[in-house]
Structure formats: structure tokens, C-alpha cells
Amino acid sequence: MSGTMLNKTFNSSENREKTLIRLKEEIACVQKLLEPQYCEVIGTSRQEELRSILKKLIMFQKKLQNNTFEISIVGLEKSGKSTFANAFMGNDILPAKDARCTYTATSIQYGTDNEAKVKFYSDEQFDEEFHRKLALLGIDDPHCWKEWEENLLSEEVSKLAPLDSEKKNIYNDIEEILLHKSSIQSLLDSDALCFTGDELEHEVKEYIENPAKALAVKEIVISSEKLSAMRNAVIYDVPGFDSPTQLHKDQTREWMKKSDAVILIVNADRPSFNDSLVQFFESVDKDDDGIAIGEKLFVFANRADVAATLQENLQHIREELQHYSIMPEGLISRRLIAGSAKARLELDSGNVNSAILQSLKEKGLDSDGIDTIRSQLETYNNTVRLQVMQQRIDNLKKQVLELFSEIRTENQVQEDSDIELQMENLVDELKRTARRRIYDALAECSSDVAEQCRKNKPITNKVRENVIQTIDPDRYRITEEELRRAQNDELSGAGVLERFDASIRDNKFTVMYNEFIDSVVHLAVEEYNETEKKILAAFETGLDLNSSHPFYSDIQESIKKYISQQCSNTAPQGYYNSLIRRYSRNLFEILISTPFGNDARYRKFDEERRNFYSLSLFGDENNIQVRPDSQPMHYQILFHQQMTADDKPSDELLSNAIVMTEAVTHEVVAVNSTLYLYLKQFCEKYEGEALPELERLLAQLPVPDTTEGIDIPLFAVRENPAVTKLTELLRGKLESESEETASRLTEQEYIRFFHNYRKNLEEIPQEFRMDVCILKNILNEQVMNAVCIEIPFLDLVKQNIISLQESLETSEFTSFINREKSRILEKKYSDLNEENEKRRRRMEIISEIDGILAVQN
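Reference entry: report on the structure contained in this document. (Residues numbered from 1 in each chain as written. Predicted model: local features only at pLDDT ≥ 70, side-chain atom pairs only at ≥ 80, totals over all residues. Heavy atoms only, no water.)

Description of the sheet that holds strand β2 (residues 106-110)
Here is step 1 of the chain: Taken in spatial order, the nine strands of this open sheet run β4-β3-β5-β2-β6-β1-β7-β8-β9, and their pairing is mixed. In this open sheet, the two edge strands, each paired with only one partner strand, are β4 (193-196) and β9 (336-338). When strand polarity is set aside, the average angle formed by the axes of neighbouring strands in this sheet is 20°.
Here is step 2 of the chain: Where strand β1 (residues 69-75) meets strand β6 (residues 233-237), five bridges bridge the pair, whose relative direction is parallel. Across the sheet, S72 pairs through a bridge with Y236, a residue of β6. (Pairing = 2+ DSSP bridges. Helix = DSSP H or I, 4+ residues; strand = E, 2+ residues; numbered from the N terminus. Axes fitted to C-alpha atoms, helices over the stretch in contact; angles between N-to-C directions.)

Put into C-alpha cells, the structure is as follows:
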């Protein structure tokens, strides 16, 4: 707004009525927009904006109806603001000392009775304000303000970073409150006080200038009959720009924004503006309605009577106002008034010949300036202020229109082609993100499965615990009923017992072997199925699919089908079936199907000798050093040697050999030592002849030195000649007769071993029981170690995962997405259509709103 507004002339009463009519329409418009049927479009936050606008419009309406004219008197502390206010209202009520005298804003208005009303904070309001100050300092403390002491404040502040000037002011505010805590506490929640007559010039001042009372005051309202010339005016005497109290600065800033006119009091005898004044105007350039503070500013150069060079000083003030852009240049010459508030007070008291008035005349001023500024304010109120009000209303309407312009843009209905394009974009985005996310999830799945197999060997352990442990001699024992049935079938002809034994074993073989294969394959496939679930979960993760999806089951089935098609080259059942049969069938055939001691058992062994040799090497780690043809497993299978009915190798022979050795060498034989291994092999090789043969070797040893009185030391500090000699003798014995040992696995040795063997009926169940124990032991050790089922299992999993990862870049995956896109993206499609439909509904509402707004244009 330019300073030329004062040149515009018009009928203020007529324009006020027109503005009131317009305000009424604007208020009705905003109230209509706040009706419930428009809530969906406008939304909560914008409703709050409209309510704020409505509140201002109603305030403007009330001000115009009452012709209320709000004026703030501002300036630095001790600049004479309160003296000016007293002169302006013609009543010496406000304190006017050189020291700081205003602790709270005071409003002055016309009244038929001269009185002052003092209102106090409630304890709750004061506590809230106190904690706001603490928070500004950076102190978070829940204690009530009354519990604080100065030493506690100092202690908390010492924990903070050094305070800047603003925070120091806040700190001073709090410190002053604590200094007067008792007095303040006694006034909070008090009823309002009313002062009249002589009390106005004495007692009321205590609540304005004395911090012990003023800090508890929320508001002071003074009514004066001497404001009859400006009955519509409400004057606010507010704290100075340089108040040390941050709350007071905030109050001053808010009153300047709220007021219709602002009177800045400056000293005519000290024309230069200090930093506090300049910075304050920089911080409050415009009010909340976008009206520049300078547009409604008037400047009163007080104390003109004491200015030695008044005209020069006034010119300097004009230059300062222009230099710091405090007021538009065109308004400065008209709105800068020089005078003396104190001269007006003396004039009102009847002193028409005061020295102050005389000094003003000598300096070329024909009055104290109070009537001049009153006249300008009245003219401003009747002309420019109304235009300011109209501009404020225009600004508020502009806010409403901008708000609905945003709403209109946000709810723009899209064409069908735009929706289709968005849907296509959703599909493209799905393909890009799904490929990446599925690939990464499959890689993580592969890594997890590999780590699980390496650490826990899940399939091997399950087979050992749930399958091999069920191969129990009692479970598969030959029953009396089976014996009777076999006897009835095989009682005629030669070799009756052999046929009888073979007949029973054939039946047992079929049951046991098939049960074993089926159980192992079932466990392996079951474990693979668990992995397939993880693979399925990887796809679900990549497609952002979960059980809450409306087509979850259908899409899941499609994913399973896709996975099956990409991994169709290998069937897990056949894969594991052939693997297990390869390592176990020969064992079942030779131990279960073929009778013990029968020539057929040796022929079977000889036919598969290479396979049995290879398998035997996967047994006890201690047997790795033993030649394949000397492995204990073969002797268990062919001769039932070194096995007992409880399926554990007999260790009594080895134990006796160790006892004999320790007694002669006077040294403990450590487990897994070289001597221990040789003794073990020696006992396995010579069996029944092992102990007599060992005794002959021990007799050849040198006598140990036992002069120190230690019979069997736990640890040999020096070499024991007896141990060294025995080790050499055992090694030589084992090496020199290796050919003889190997010969025991020949057909001649087998026939010789069973030459005098005569099978009887009672031995058949016992032999079969021993075969079951041997089978169980070999399956548990050699077979499971040889198969190491986790390796082929993991290989199959990795092959399938790699196939799936590679398939993500093929047309097959693209086709899969295209087939399933409507189901996968159902929620997003639905949201898109629903959002567009919502916008369509909203646009219908917006059309109604446009009609409401059009009425106001």
C-alpha cells in the first residue's frame, strides 16, 4: 500500500457499510464451506485454515461494527511511551519513570467512568508459561514452577552451552520470577481487581511497574472519560523493544501486528536509532495479513523541547526511517510529528505558561503535538484504515481461493487413457522390482540352505534318528510263525535248512529294503519340500505378496506351477531313490537276502568287491590307515567277527592287550597313539591268537628303568625303550604277514572257515539278528558317510535356484507377470480406480464450492 492513500477521499460511513456487507457475505461463504458435506474434500488441516480465516473475518466485522480502532504505542524502554499514553488519554495514570516501568501490556479505552481492571494469571497458566521459558533454554523438567529455586536454575543452566543474548534474557526472566516467587504465588488465581478515583494514580501503578506484582498480571484495562474525542480507540502501552524479558518482546510484536495503527515514540533530542529498534522492526516487517507495519506507522518525536537542534534532529530521524526501510518514504514527512507529552500533561493540569510550552514555541512548534497526532489518527481511521481493512479482507479471500485452487489440482480427474498408462507403469515397475527382489531373495535362500547343511547336516541326522534307528533286531526278528511256515514249504529235498533260511530272508529283504528306501527318500524329499517353501517365499517377497492379499492362494498356486516348470528337469524322488539304492542295495542283499555261511554270500561279496572296498573306507577315521582288504567291515559281513548282538564291536580283546602292554612297558598307552593303533590292528588281525602272540613279543622287550620308583608314568618325559621296541615289533609283524591277511578274503579261505560249519534251526534267527545289527551299523556309519546326502541335496537345490534366477530374464517370467498382473496388482489397481472415483466425487463437490465462491466475485 502506498503513502498516497491519504489523498483518496470518500464517504467513510458509506464505505464502512459496504465493507460490512461484504464481510457478512465473506463470513457466510466460509461458514458454508465449513459445513459437514464438504469435509471430505477440504480435509482437517484446511478446515483449520478456514476456521482461522473465519475468526479473523469475524474479528474484522466486530471491529468495523464498533468502529474499534486499536493503537499500539511502542518504542525503546525509558523512551517516554507511558508519558505519551498519559498525555494522549489526558490522564496521568501510567507510571513514567526514567527506569524501566512497564512489565506487561496495558490497554486504554474510552469509558464513562475512570477505572482500571487488573486480571491475574491462573497458577496453571503461569506454570505453562514458566515451562515454555525453560524449554526455550533447553531445560526439560516436569517439576512445578513453585518447586524451583535459584540454585537449581543455576545448576541446570551450568549443564547447557553458553547462552546467547536472547537466552540470557529468558534466563533473567526466570531469575526474576524466582526472586519474587512468594509474592507472585500469592496473586495467581486471584479475582480481578478494580481501581477508581485516587487509586488510579497510585495503587494501579504498582501492578504495572513493580515486578513482584506485575509478573503475575495477565492484563490491565484502563477506561478514561478523557478519551471522548476518540471513543472508538483502544490504546496499548506495551513493553519496550529492548526489554530483557523475551515474553515482553513477543507481546510487543503481536500487538504491533494486531493493531490498526502503531505509534513509535522516539527522542527528538537523541535522533539516532539504536540496534534494538532497527532489529525489532526487521523482525516484524509485516502483520499476519501481509500488511506492512510501516504502512500503519506514526512517529512521535517526543522531548522536542530539550532538543538543541530540533530541525536537524528531525531530518536525521527522517533519514533513519528511510535508511532502515521502517516506513515508506511518501509517508515519512506527513506522519513524523514533533512535540512533548510532558508539555501536554502540564497544559491539562492548568499550567498554560509552562517553560516546556515556551521552549516548543521558541523551536518553531505551535503545539505540543498531541492534538496533531490525534487528528492524523482520526483521518487515518476514517480513510486509510478502512482501505487497509479491505486489503486484509482481500488477502483472506485470496487465501481461500488459493486453498481451493490447490484442492482442485489435487483432485483433478484423470482420463481413462491416463489410468491405463498408470496401470502399465505399475506393471513395468513390478517387472523391474520383482526381478531384482526375487533374484536377491533366491540368492539369500541358497546361502541359508548351504549354511544349514554345512552346520547341521539335517537330512543325515534325520535318517540316522528316524530311519536307521528303526532297523532294530527285535523288530525284524524271525518269528516262530515264520519258522513254521518256512519249514512247511521247504521240508523235502537236500539242503533243506539252506532253502529254508533263504526263503525267510527273501521275505525279510523285500520288506526291510523297501521300507528303508521309502523312508530315506521320504525324509530327503520332505527336506527338499521345506526348501521349496523357502523358494516360494522368495517369490512372494519379490512380488510383495502376503496372506492378506485377496488372491494370495491363487497367485501362490501359479508361482508353484512356474517354479515346477523351471525345475522340471530333476524329480527329487527319483534323484534320491537312485542315490540311496546305489549305496545300500548290495548291503541289504548280502546281509539280509543271502544266508550266513552260504557260498552265495561270498560270491556276492566277490562280485561287488570293489564297491565294498570303497564303502569300507568311509567308516571309523582310525581305519583310514588300514588297507581296504583288511577293513573290519568285510569280516563282519562274511564272518560275523568283532560284533556282538547289541551291534557294538567287542573291545575286550584290545583292552586286555593294552593292560598286558602297560604292565611290561610301565607306560600308559594313549588312545590314538601309534602304539594304540598298532595294538588295535594286531588284535583285529590275530583275534583268538592275539594275546599269546603279544605275550611272545613282550618277552623280547628290554627291562624298563624303574629306579625312580614310578611304575606307570602318565606322561613319558624321555623315550621309553620298551615302547619303541614293541612298536617296531608290531609294525614288522603286521607288514610281514599282510599277504596272509589278505588271503582270508579269498574263496578258499571262506570255504576253509566254514568247512566244519553246520547250520541248525536254532542258529538261523541268531545269525539273522547278527546280520541286522551289522547292517544297521554299516548303514549308520559307512553308508551315511559315503552318501553324504547333503551334498547332492544342496547341488539339486542350487541347480534349481540358478535355473529360477536365469528364468527371471526370459520371456517365460514376463509371460507369468502378464498373466498374473491383474491379481498381483489388484490392490493397487483398485486403489487407483477408487482414488480416481473419489476425485470424481470430489470434483462434483468442488463444482458446488466453485458456485459458492463465484457469488463472492
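Next comes the rest of the write-up.
Things to note about the environment of I108
Here is step 1 of the chain: Along the chain, I108 falls in strand β2.
Here is step 2 of the chain: Judged by its relative accessible area of 0%, I108 is buried.
Here is step 3 of the chain: For the pair I108 and V234, spaced 126 residues apart in the sequence, the C-alpha separation amounts to 5.6 Å.
Here is step 4 of the chain: Excluding residues that lie within four positions of it along the chain, I108 makes contacts with A85, M89, L94, I222, L227, A233, V234 and I235. (Buried < 20%, exposed > 50% of the residue type's maximum accessible area, 1.4 Å probe, protein only. Contact = heavy atoms within 4.5 Å.)

Digging into helix α11 (residues 275-283)
Here is step 1 of the chain: Turning to α11, its buried residues number three or more, namely L277, V278, F280 and F281. Angularly, the buried residues of α11 cover 165° about the axis, an arc narrow enough to put them on a single face. In α11, the exposed positions angled more than 90 degrees off the buried face are occupied by D275, Q279 and E282.
Here is step 2 of the chain: Capping of α11 at its N-terminal end is provided by N274; its side-chain oxygen lies 3.2 Å from the backbone amide nitrogen of S276. (Arc of directions from axis to C-beta. Polar contact = N/O pair within 3.5 Å; in protein donor to acceptor, adjacent residues only side chain to side chain.)

Structural notes on the environment of S79
Here is step 1 of the chain: Inspection of the secondary structure puts S79 in the loop between β1 and α3 (81-89).
Here is step 2 of the chain: Remark: the alpha-carbon pair of S79 and V266, spanning 187 residues in sequence, is separated by 6.4 Å.
Here is step 3 of the chain: Each residue touching S79, except ones within four places of it in the same chain, is listed here: I265, N267 and N302.

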